Amino acid sequence: MKNFTYRSFEEKENIEEILKRRKRKINRQQIISIVILVFILGSIALYVGRHIYYTELDGYVHVDTNKVRTPFDIYLDSVYVHTGDLVTPGDTLYSYYMLDLLVDNANPDDEPPMVAVSRNYKLQYETARQEIEVMKVRIKELRNQIAAEDHDIALGLSSNSHKLDLQRQLSEAIARLKALQGELGALRRSRDETKVVFARRNVGNDSTLVPQIYDDARSAQMRRAVSYRLASDSSIITDVKAPIHMIFFKQEEILTKQHLNLEANNLKVVAYVPVDKMDKVTNNSRAEVVVNGDVSFKASVSVLGTRTEMIPENLRSYFSKKNTAVIAIFNLHEGQNVPLWALASGMPVTVRIKNYSIFGANEEEPHAGSPDYLWFTTGKGVMVEEKDGHLVPMSDTLRISNDKTDRR
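This write-up is about the structure you can find in this document. (Residues numbered from 1 in each chain as written. Predicted model: local features only at pLDDT ≥ 70, side-chain atom pairs only at ≥ 80, totals over all residues. Heavy atoms only, no water.)

**Points about the pattern of salt bridges**
We count it as follows: What counts as a salt bridge is simple: a side-chain nitrogen of Lys or Arg found within 4 Å of a carboxyl oxygen of Asp or Glu. Secondary structure counts use DSSP, requiring at least four H or I residues in a row for a helix and at least two E residues in a row for a strand, with both numbered from the N terminus. Buried residues are those whose accessible area, probed at 1.4 Å on protein chains only, stays under 20% of the maximum for their type, while exposed residues exceed 50% and partly exposed ones sit between those limits.
The tally for this structure, following the rule as stated, stands at 10 salt bridges. Across the salt bridge formed by glutamate 126 and arginine 129, the nearest N and O atoms sit 2.7 Å from each other. On the criterion of helical spacing, the pair formed by glutamate 126 and arginine 129 is a turn pair, its members being 3 residues apart in helix H3 (residues 113-155). Here lysine 280 and aspartate 279 are joined by a salt bridge, their closest N and O atoms 4.0 Å apart. Accessibility expressed as a relative area gives 24% for lysine 280, which makes it partly exposed. By sharing partners, the salt bridges in this structure join Glu56, Glu288 and Arg352 into a single network.

See the structure below:
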C-alpha cells in the first residue's frame, strides 16, 4: 500500500519554487553547453575551411644589410654615429689614420708604396689624356673625309660603300672617346686622392717626421694626417662594432647600416614550400604575406624552386621525416604601406596562397588553375609550356622574342 504524506500549502509552494529554479539552472547549463559546442565546431570548421581554401607556408623577410668595412689597414680615431642614427649622403661616419702613415719604415730610403701608386695613377692619367687628344683628331679627320665623300658622291665620283665604312669608323671613334673620357675622370679622382694622402704623409729625409702610432692623436702633426669616411646613401645605423683608438685591418667591419631604399637591398620574402605542397604554388601565384593580425601585404612569386634549404627546427613537423623544402621567392607589390619594422631582415611571416586548383581562377589571377612551371626535358634542357600545352625549348622562345625586338 502506497504511503500517504500530507503537505501543507506552504510546503507545496516551496517545492514548486525549487523545481522551477532547478529547471532554470538546467536550461542555463544547456544554453552554455550549446554555445561552447557551437564555438568549438565553428572554430574547427573555420580552421579546416581555411586550410582547404588556403595553403599556408612559413617564411621570412630577407633584406641585405650594408656592412661598412675598412678598405685598408687603419687606426680608428673617432666614430661620429650611434645605433639608430639616420645618416644622409655626406655625413661623417668615422675618422681614421692610414696605418702605413703611422708606422715608421725600417729603412727610410725605401720608396713608400703610396709614392709608387701616385706615380702609376699620374702616368695612366697622362696616357689617357694624350689618347683622348689623338682620338679627337681622328674624329675630326673622319668627319672631314665623310664631308669630302658626300661631295664625290654628289658628282658621281664615288659609291656609297666607302662613306658607310667611314661612318662606322666615326661611330667607333666616338664610343672610344666617351670610354676614354670616363676612364680619365676615374683616374683624375684616384690621382688627386693619392696626392692628398701623400701630402699628409710629409715624409722627408728625417724619419722622425713620420707620425708614430704611439704619438698623441691630438697633436697638430697627427691632425694633418686624419681622414674621414662619409656616408654614400641615406640609411639607418643598426650597429657600431668598433671601439675607437684601435687598429683595424683591411676588410674588418666597422659598423652596419640599413639602406632606406629596401628595394635596392634586395627586399623579398623567402618561403619554405614542402614537396607535397608544390602543386599549390606556381610561377604566377599571388599571396598574402601575414606578419601579425594587423599587418599584412601582397606579394607574388618571382623565383620558384631554384634551390632547397633545411627547414628550421622550430618549423619542422614531428610527424614528417622530410625536413628539406623548396625555396620560393616572393616580390612585394608596389603601392603598399607597410611598417618598416615589419620588413626587418629575418622577420618570420606566414605566406597564404589561395588553392585555385579547388575553387578555380578569378579575375585577379588570369592564369590561375593551370600550373605555370619551367619544365626540364632530359636531353633537351629547360622547356617552356605554350598555350596549346606543348613544350618547346626555352632557347627557341628567347630567339623568337629577340627577333621580334630586332624588327621593332
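Okay, back to it.
**Considering the sheet that holds strand E3 (residues 74-79)**
Definition in use: Think of it this way: DSSP has to see at least two bridges between two strands before they count as a pair.
If you walk across this open sheet you meet the 4 strands as E6-E5-E3-E8, and the pairing is antiparallel. The sheet terminates laterally at strand E6 (227-230) and strand E8 (247-248), the two strands that pair on one side only. Sheet analysis places E3 next to strand E5 (residues 92-98), joined by 5 bridges and oriented antiparallel. Residue pairing in the sheet places isoleucine 74 in a bridge with methionine 98 of E5.

**Topic: the nonpolar core**
Quick reminder of the rule: Here, nonpolar core means buried Ala, Val, Leu, Ile, Met, Phe, Trp, Tyr and Cys residues that are tied together by side-chain atoms lying within 4.5 Å of each other.
The biggest cluster of nonpolar side chains holds 28 residues, and the ones touching the most others in it are Val269, Phe330, Val349 and Val351. Put simply, the parts of the chain that give this core at least two residues each are strand E1 (54-62), strand E10 (268-273), strand E11 (286-290), strand E12 (296-310), strand E13 (324-332) and strand E14 (348-354). It is E12 that contributes the most residues to this core, 4 residues altogether. The next biggest cluster of nonpolar side chains, apart from the first, holds 16 residues, and it includes Val79, Leu93, Tyr94 and Met98.

**Things to note about the pairing of strand E15 (residues 374-377)**
Pairing analysis gives 4 bridges linking E15 to strand E16 (residues 381-385), with the strands arranged antiparallel. Within E16, the residue paired with tryptophan 375 across the bridge is methionine 383. Hairpin remark: E15 followed by E16, antiparallel, with 3 residues in the connecting loop; positive phi at glycine 379, about 85 degrees.

**Remarks on the packing of aromatic side chains**
Operational definition: For Phe, Tyr and Trp, rings pair up if their centres lie within 6.5 Å, where Trp contributes its six-membered ring, and each pair is then called stacked (planes under 30 degrees apart), edge-to-face (over 60) or tilted (otherwise). A ring is considered to have a charge above it if a Lys NZ or an Arg CZ atom is located within 6 Å of its centre and within 35 degrees of its normal.
Summed over all chains, the structure comprises 4 aromatic pairs. Seen in terms of ring centroids, tyrosine 94 and tyrosine 96 are 5.9 Å apart; in terms of plane orientation they differ by 55 degrees. Their pairing is tilted. Put simply, the rings of Phe72, Tyr94 and Tyr96 touch in pairs and so form one group of aromatic residues. The ring of tyrosine 54 carries the charged tip of arginine 352 above its face, separated from the ring centre by 5.6 Å.

**What about the pairing of E12?**
Alignment of E11 against E12, held across 5 bridges, turns out to be antiparallel. Bridge assignment links valine 289 to a residue of E12, and that residue is phenylalanine 297. If you look at the hairpin formed by E11 and E12, you'll find 5 residues sitting between the two strands.

**Thoughts on the sheet that holds strand E17 (residues 391-393)**
Convention followed: A fitted line through C-alpha atoms serves as each axis, taken over the contacting stretch for helices, and the angle formed by two N-to-C directions is quoted from 0 to 180°.
One open sheet accounts for 3 strands, arranged E15-E16-E17; its pairing is antiparallel. Each edge of the sheet is formed by a strand with only one pairing partner; in this case those strands are E15 and E17. The mean angle between the axes of side-by-side strands here comes to 45 degrees, regardless of whether they run parallel or antiparallel. Sheet analysis places E16 next to E17, joined by 3 bridges and oriented antiparallel. Counted as the bridge partner of valine 384 is valine 392 from E17.

**Looking at the side chain of glutamine 258**
This is how the line gets drawn: Here a polar contact is recorded for every N or O atom pair within 3.5 Å, except that within protein the pair must consist of a potential hydrogen donor and a potential acceptor, and residues adjacent in sequence are included only if both atoms are side-chain atoms.
Within the secondary structure, glutamine 258 is located in strand E9 (residues 253-259). The exposure class of glutamine 258 is buried, given its relative accessible area of 15%. At a separation of 3.5 Å, a polar atom in the side chain of glutamine 258 contacts the main-chain carbonyl oxygen of aspartate 64.

**What about the environment of glutamate 141?**
Within the element layout of this structure, glutamate 141 appears in helix H3. The sequence separation of glutamate 141 and leucine 170 amounts to 29 residues, and the corresponding C-alpha distance is 9.3 Å.

**Description of a nonpolar patch on the surface**
The line we're drawing: Like charges within 9 Å and nonpolar side chains (Val, Leu, Ile, Met, Phe, Trp, Tyr) within 5 Å are joined into patches, using only residues over 30% in relative accessible area that form no salt bridge. Here the Shrake-Rupley method, with its probe set to 1.4 Å, supplies the accessible areas, and only the displayed protein chains count as covering residues.
Taken together, the side chains of Ile32, Ile36, Leu37, Phe39, Ile40, Leu41 and Ile44 present a nonpolar region at the surface, about 700 Å² in accessible area. Here isoleucine 44 falls in the partly exposed class, since its relative accessible area comes to 47%.

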